[in-house]
Amino acid sequence: RICQQARAAAAITRELNASAKDAVLVRLADAIDAGRARLKAANSADVSAARVAGLSATIVDRLTLTDARITGMVHAVRAVVGLPDPVGQVVSGTTRPNGLLIEQVREPLGVVAVVYEARPNVTVDVAALCLKSGNAAVLRGSSSAAETNGAIADLIAEVLAGQDEVPEHAVQLIRDNSRDAVIELLKADEYVDLLVPRGGPRLLATVREHATVPVVIDGDGNCHVYVDASADPEMATSIVINAKTSRPSVCNAAETLLVHEAIAPAWLPDALGELHKLGVAVRGDERVRAIWPDAEAASESDWGTEYLDLILAVAVVDGLDEALAHIARWGTRNSEAVVARDIAVARRFARAVDSGSVFVNCSTRFSDGGEFGYGLEIGVSTQKLHARGPMGLEALTCVKNVTWGTGQIRV
C-alpha cells in the first residue's frame, strides 16, 4: 500500500516546479528546528534501549541525535533549497543534418526506496533529496531507531499536510521493522524505481538474495591512506589523524594506513605515537612492529575489516605499486587517499586506484555529499552503474531523449 501510494505521489512530484519544492523544504527545515525537544525525546528512548541491549558504541554513536546534529540536519535541508533544481536540465543538445533538435533532459527516477540502519538523520536526508529531485520516497529504518525515525516521519507528514502542492504520500516511512517487510519492499518492482540499502553485510546479503527492484549498493568503507616517500611529514600526520579519529564510526573513516618504506622509519614512530595518544589501537605488519613495537600483530583479516572504531591496520610497502595492489585486494571502492609531493605519484594514484572517491593530500573524511557541494547524499555508491561515489540530486534523476522536429519523417 505504501509503495502504491508513493507511485501515485510520484506522478505529481515529477511535475512540480522548483519554487513549490523549495517552499516545502523551507517549511521542513523550520519544523526540524522547532521540533528539537520532540526529536530528542524520541531519540533518548532509542539510545537508552540500545545501551540496555548492549549495542556497540559505534551503533550508539550513529543513533544519537545531539543538538549539533539536529542543527546539521536543518542546515543540510536549507543547503538543498539553495541548489539548482536538476529536473528539466538539458544535459546536451545537438541538431541533426535533417533539422531535428535532440536534447537529453533530466527527469526524476520516480519512487526511491532506502533501507538504512541506525542513523536517523538519513530520514531527513532522503526526504529532502527526493523532494527536491521530484521523486517520492519510501523509507525503512532499523528497529534501533524506530522511535526517532517515527518522530521525524510524523514531523514530515505534518509539513506535507500543511500545504497543497506536494502530495502527502511523497515521503512515507514503513514502520514494520520485520525482515519480511524488507523482503517485500525488495520485490516491489511494480512500484519502486530504485532502492538504496545502507547497512551492514547482513542487509546487503538479504538484498543480493531477494531484490528484484533496481539497486544501487551503498557498500562498506574499508578506506586507505597511502603515505608516499615524497609526503610532507606534518601534512601526512594531520591527514591520517583526521581520517581515523574525527569520526571513526562512519564509512569514510580510514581503516588502513600504507607507508612507503623510505619514510617509514623516520615518520611512523611519531605518527603512531600521536594516534596512540588519541586512543587508536594499531595493528601492524612485521615491518611496522620492527619500527614501533607497541603495535599489535596484524592478522590477514585485519586488512579486510571495516572497524568503524579506533583501530587502524598499518603496513609498510615497497612503493606505489605495492600500495595499489594492496588497495585492489582489500579496498571496497569507497574512498582512498594519497599523501605525496611528487605530482607523478599523485596523478598515477588518482588514475589507477579503483574507487568512487580519491583524495590527494587531504582526508578521506571529505567523501560526503555535503562536502562535495551536493547538499546531502542519499548514499555512497561503491558500484559503477548508474551512480558512483556520494549520490546527490543528479543521481536521483535519469536522462530522457526529447526530439524536436518541424514535421520530419524517416525515409
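Structure: above.
These remarks concern the structure in this document.

About the cut-offs
In this convention, every chain numbers its residues from 1, walking through the sequence in written order. Where local features are concerned, this predicted model is filtered to residues with pLDDT of at least 70; where side-chain atom pairs are given and counted, the filter is 80 or more; whole-chain, interface and lining totals use all residues. Water and hydrogen atoms were dropped before computing side-chain values, which therefore reflect all heavy atoms in the structure. Secondary structure counts use DSSP, requiring at least four H or I residues in a row for a helix and at least two E residues in a row for a strand, with both numbered from the N terminus. We call a residue buried when its accessible area falls under 20% of the maximum for its residue type, exposed when it is over 50%, and partly exposed in between, using a 1.4 Å probe and counting protein chains only. Shrake-Rupley sampling with a 1.4 Å probe provides the accessible areas, and residues are treated as covered by the protein chains on show and by no other component. For two strands to pair, DSSP has to find at least two bridges joining them. Each axis is a line fitted through C-alpha atoms, taken for helices only over the stretch in contact, and angles between the N-to-C directions span 0 to 180 degrees. Contacts between residues were defined by any pair of non-hydrogen atoms, one from each residue, lying within 4.5 Å. The term salt bridge refers to a side-chain nitrogen of Lys or Arg lying within 4 Å of a carboxyl oxygen of Asp or Glu. Definition used in this section: a nonpolar core is a set of buried Ala, Val, Leu, Ile, Met, Phe, Trp, Tyr and Cys residues joined via side-chain atoms within 4.5 Å. Just so you know, the count uses Lys and Arg for positive and Asp and Glu for negative, and it drops His and the chain ends. As used in this structure description, the phrase polar contact means that two N or O atoms lie within 3.5 Å; if the pair is within protein, one of them must be able to donate a hydrogen and the other to accept it, and residues adjacent in sequence are counted only when both atoms belong to side chains. Each aromatic pair joins two rings of Phe, Tyr and Trp (for Trp, the six-membered one) with centres within 6.5 Å, and gets the label stacked for planes under 30 degrees apart, edge-to-face for over 60, and tilted for any other angle. Working definition: roughly parallel below 35 degrees, roughly antiparallel above 145 degrees, roughly perpendicular at 65 to 115 degrees, and oblique for all remaining angles. Throughout, a crossing is termed right-handed when the near helix is turned clockwise from the far one, and left-handed when it is turned anticlockwise from it by less than a right angle. Amino acids outside the nonpolar list (Ala, Val, Leu, Ile, Met, Phe, Trp, Tyr, Cys, Pro) and the charged list (Asp, Glu, Lys, Arg) are all regarded as polar, and Gly is one of them.

### Observations concerning the overall build of the chain
Along the chain, the regular secondary structure elements total 14 helices and 16 strands. If one aligns the C-alpha atoms of the chain with their principal axes, the spans along those axes are about 70 × 65 × 40 Å. Sorting the 411 residues of the chain into buried and exposed places 53% on the buried side. Of the roughly 17900 Å² of accessible surface on the chain, a fraction of 51% belongs to carbon and sulfur atoms.

### Digging into unusual backbone geometry
Of note, the amide linkage connecting Leu-385 to His-386 takes the cis form, showing an omega dihedral of -5 degrees. Looking at the element boundaries, His-386 is found in the loop between β14 (380–381) and β15 (389–390). Positive phi values are uncommon outside glycine, yet Ala-118 reaches one of about 65 degrees. Mapped onto the elements, Ala-118 comes out in the loop between β3 (111–116) and α6 (121–132). A positive phi is found at Asn-361, a non-glycine position, where the angle reads about 60 degrees. Assignment of secondary structure puts Asn-361 in the loop between β13 (357–360) and β14.

### Examining the sheet that holds β3
The four strands are arranged β5-β4-β3-β6 in an open sheet whose pairing can be described as parallel. Each end of this open sheet is capped by a strand with a single partner; those strands are β5 (171–173) and β6 (194–198). Each neighbouring strand pair of the sheet contributes to a mean axis angle of 15 degrees, computed without reference to strand direction. Where strand β4 (residues 136–140) meets β5, three bridges bridge the pair, whose relative direction is parallel. Bridge assignment links Leu-139 to a residue of β5, and that residue is Leu-173.

### Focus on the sheet that holds β13
Read from one edge to the other, the open sheet built from seven strands follows the order β10-β9-β11-β8-β7-β12-β13, with strand pairing classed as parallel. With partners counted over all chains shown, the strands left at the sheet margins are β10 (296–297) and β13, one partner each. Note: strand β12 (residues 335–339) against β13, four bridges, orientation parallel. Directly across from Ser-335, in β13, lies its bridge partner Ser-357. Sitting on the sheet, helix α13 (residues 320–330) is in contact with β7 (223–227), β8 (254–260), β11 (311–317) and β12, with an inclination near 175 degrees to β7.

### Structural notes on the pattern of salt bridges
On inspection of all chains with the given rule, the structure shows 26 salt bridges. A salt bridge links Arg-69 to Asp-61; its shortest N-O distance comes to 2.9 Å. Arg-69 sits in the partly exposed class, given a relative accessible area of 24%. Within this structure, Asp-33, Arg-36, Lys-40 and Asp-67 form a network of salt bridges that share partners.

### Comments concerning the pairing of strand β2 (residues 101–108)
Across five bridges, strand β1 (residues 90–95) lies against β2 in antiparallel orientation. Directly across from Thr-94, in β2, lies its bridge partner Ile-102. Pairing analysis gives eight bridges linking β2 to strand β16 (residues 397–404), with the strands arranged antiparallel. In the sheet register, Glu-107 faces β16, and the bridge partner there is Cys-398.

### As for the nonpolar core
In this structure, Leu-25, Ile-32 and Ile-378 are the most contacted members of the largest nonpolar core, which totals 54 residues. The greatest single-element share of this core, amounting to eight residues, is contributed by α6. If near-sequence neighbours (up to four positions away) are discounted, Ile-378 is found in contact with Val-112, Val-114, Val-126, Leu-129, Cys-130, Val-196, Arg-198, Met-391 and Leu-396. Judged by nonpolar contacts, the second largest core, of 29 residues, contains Val-227, Ile-241, Ala-264 and Ala-337.

### Section: the side chain of Arg-198
On the secondary structure map, Arg-198 appears in strand β6. Buried charged residue Arg-198 carries no salt bridge. Nearest counter-charge: Glu-377, at 4.3 Å. Only 3.2 Å separates the side chain of Arg-198 from the backbone oxygen of Ile-378, close enough to count as a polar contact.

### A short note on the packing of aromatic side chains
This model, assessed by the stated rule, comprises three aromatic pairs. Where Phe-359 meets Phe-372, the ring centres are 6.3 Å apart and the plane angle is 40 degrees; that geometry is what we call tilted. You can see Phe-359 sitting in strand β13 and its partner Phe-372 sitting in the loop between β13 and β14, a full 13 residues away along the chain. For Phe-372, a relative accessible area of 32% translates into the label partly exposed. Consider the rings of Phe-372 and Tyr-374, whose centres lie 5.8 Å apart with planes at 85 degrees: the pair is edge-to-face.

### What about the packing of helix α8 (residues 179–186) against helix α9 (residues 201–210)?
Between α8 and α9, whose axes approach to 9 Å, the crossing angle comes to 45 degrees. Looking at the two axes, α8 sits oblique to α9. Between α8 and α9 lies a crossing of right-handed hand. In contact with Arg-179, Val-182, Ile-183 and Leu-186 of α8, α9 contributes Leu-203, Thr-206, Val-207, Glu-209 and His-210. Its residues assigned to classes, the contact of α8 with α9 comprises five nonpolar, two polar and two charged.

The quantities given are spatial measurements derived from coordinates; they are silent on function.
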